[in-house]
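Analysis of the macromolecular model
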Amino acid sequence: GAGVSQSPSNKVTEKGKDVELRCDPISGHTALYWYRQSLGQGLEFLIYFQGNSAPDKSGLPSDRFSAERTGGSVSTLTIQRTQQEDSAVYLCASSFVTGGPPEQFFGPGTRLTVL
Amino acid sequence: RKEVEQDPGPFNVPEGATVAFNCTYSNSASQSFFWYRQDCRKEPKLLMSVYSSGNEDGRFTAQLNRASQYISLLIRDSKLSDSATYLCVVWPLSSNTGKLIFGQGTTLQVKP
């Protein structure tokens, strides 16, 4: 079956511009997560969605970052007034919610470069 | 101190070698543990869960030492295709959100 998809796969933007990153989770997965991975670093949690609500936004680095999810499916991560330190791979994952630790399935990521 | 710490490596080993990675975690209340594998410029994928009693999956053995708060991954008879970054992952007991805590990864290069 189809896995998690993300678009665009690559995005190059100029400092100060806004960008939108999209994630399509696996059908039926109610939980959705955004992470980012900087060069040589581990994955940094950004935000978690259960359905359309975001009970955990603790990882968003600043108020320039926001995310939404509609219809319990597609999610968009928006970064306003991008800075060079925002350059990273942004990974989306989805999972079932079982009450135990989730097996998270990751998308291929969006590689963001801020010039 | 990072919540999950790993030696980034790289570990360079010949084919057929046995190699072991360790990972330490800081939250003693952590509940569940995993190893994910990430190939170069690809997304992470679950390799195996880590159980208190230790568990094996083919050439891979994972162990958990709660007293010392470390997790290990042993790879026997390593193959060229094992070359990847191995991510140690912790699910904190306090997490009611499914948020996973990732280490920065240990890179393995298996040479012919």
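Refer to the structure above for everything that follows.
The sections below set out a description of the structure shown in this document. Nothing here was measured: the structure is a model prediction, and the numbers come from that model. (Residues numbered from 1 in each chain as written. Chains lettered and ligands numbered in written order. Predicted model: local features only at pLDDT ≥ 70, side-chain atom pairs only at ≥ 80, totals over all residues. Heavy atoms only, no water.)

Considerations on the overall build of chain B
A tally of regular secondary structure across chain B gives 0 helices and 11 strands. Taken from the N to the C terminus, the helices and strands of chain B come in the order β-β-β-β-β-β-β-β-β-β-β. Relative to a compact globule of 112 residues, whose C-alpha radius of gyration would be 13 Å, chain B shows 14 Å and is just as compact. Projected onto its principal axes, the C-alpha coordinates of chain B cover approximately 45 × 30 × 25 Å. The proportion of buried residues among the 112 residues of chain B is 47%. With the model as given, the accessible surface of chain B reaches about 5,500 Å², and the carbon-plus-sulfur share is 47%. Computed over 12 positive and 10 negative side-chain charges, the inter-centroid distance for chain B is 4 Å. (Helix = DSSP H or I, 4+ residues; strand = E, 2+ residues; numbered from the N terminus. Rg over C-alpha atoms; globule rule 2.2 N^0.38 Å. Buried < 20%, exposed > 50% of the residue type's maximum accessible area, 1.4 Å probe, protein only. Areas by Shrake-Rupley, 256 points an atom, 1.4 Å probe, with all protein chains shown as cover. Lys, Arg positive; Asp, Glu negative; His and termini not counted. Charge placed at Lys NZ, Arg CZ, Asp CG, Glu CD.)

Things to note about unusual backbone geometry
In this structure, the amide linkage connecting Ser7 of chain A to the following residue, Pro8 of chain A, adopts the cis form with an omega of -10°. Within the fold, Pro8 of chain A resides in the loop between strand S1 (5–7) and strand S2 (10–13). Between Gly9 of chain B and the following residue, Pro10 of chain B, the backbone shows a cis peptide bond with an omega angle of 10°. Checked against the element boundaries, Pro10 of chain B lands in the loop between strand S1 (4–6) and strand S2 (11–14).

Brief notes about the interface of chain B and chain A
The interface of chain B with chain A comprises 18 residues on the first partner and 22 residues on the second. For the pair chain B and chain A, the two sides together bury roughly 1,600 Å², of which 57% comes from carbon and sulfur. The interface formed by chain B and chain A includes 0 salt bridges. Across the chain B-chain A interface, the total number found is 2 residue pairs in polar contact (both at pLDDT 80 or more). Considering every element that reaches the side of chain B that touches chain A, the biggest residue donor is strand S4 (residues 32–38) of chain B, with 4 residues. Tallied by class, the residues present in the side of chain B that touches chain A amount to 8 nonpolar, 6 polar and 4 charged. (Contact = heavy atoms within 4.5 Å. Buried area = accessible area lost by both parts, 1.4 Å probe. Salt bridge = Lys/Arg side-chain N within 4 Å of Asp/Glu carboxyl O. Polar contact = N/O pair within 3.5 Å; in protein donor to acceptor, adjacent residues only side chain to side chain. Nonpolar A, V, L, I, M, F, W, Y, C, P; charged D, E, K, R; others polar.)

Structural notes on the sheet that holds S1 of chain A
Adjacent strands of a sheet form backbone hydrogen bonds with each other and so pair up, either parallel or antiparallel. Residues and elements named next belong to chain A. The strand order S1-S3-S8-S7 describes an open sheet built from 4 strands, whose pairing is antiparallel. Every interior strand has two partners, whereas the edge strands, S1 and strand S7 (65–69), have only one. The mean angle between the axes of side-by-side strands here comes to 15°, regardless of whether they run parallel or antiparallel. Both S1 and strand S3 (residues 19–24) contribute to a ladder of 3 bridges, which runs antiparallel. Note that in S3 the partner of Ser7 across the bridge is Arg22. (Pairing = 2+ DSSP bridges. Axes fitted to C-alpha atoms, helices over the stretch in contact; angles between N-to-C directions.)

So, the layout of surface pockets
Counted as a void, the largest pocket has a volume near 760 Å³. As for the largest pocket, its lining consists of 34 residues, and the residues nearest its centre are Gln37, Leu39 and Arg111 of chain A together with Gln38 and Arg41 of chain B. Every element with two or more residues in the lining of the largest pocket is listed here: strand S9 (88–95) and strand S11 (110–114) of chain A together with strand S9 (84–91) and strand S11 (106–111) of chain B. The biggest single contributor to the lining of the largest pocket is S11 of chain A, with 4 residues. Residue composition of the lining of the largest pocket, by class: 11 nonpolar, 18 polar and 5 charged. (1 Å grid on protein atoms, 1.4 Å probe; cavity = no way out; pocket = protein on both sides within 12 Å on 5 of 7 lines; lining within 4 Å. Points joined across faces, edges and corners; volume = space filled by probe spheres on them.)

Some thoughts on the pairing of strand S6 (residues 53–56) of chain A
Where a strand is regular, its side chains alternate between the two sheet faces. Pairing of strand S5 (residues 43–50) of chain A with S6 of chain A, which is carried by 2 bridges, proceeds in the antiparallel orientation. Within S6 of chain A, the position partnered with Tyr48 of chain A by the bridge is Asp56 of chain A.

What to know about the nonpolar core
Grouped together as the largest cluster of nonpolar side chains are 24 residues, with contacts concentrated most on Phe21, Trp35, Ile71, Leu73, Ile75, Tyr86 and Leu108 of chain B. For this core, the secondary-structure elements that each account for two or more residues are strand S3 (19–25), S4, strand S5 (44–50), strand S7 (60–65), strand S8 (70–75), S9 and S11 of chain B. In contact with Leu73 of chain B, other than residues within four places in its own chain, are Val19, Ala20, Phe21, Trp35, Leu47, Met48, Phe60, Thr61 and Tyr86 of chain B. If you look at the next biggest cluster of nonpolar residues, it comprises 19 residues, including Val4, Cys23, Leu77 and Val114 of chain A. (Core = buried A, V, L, I, M, F, W, Y, C linked by side-chain atoms within 4.5 Å.)

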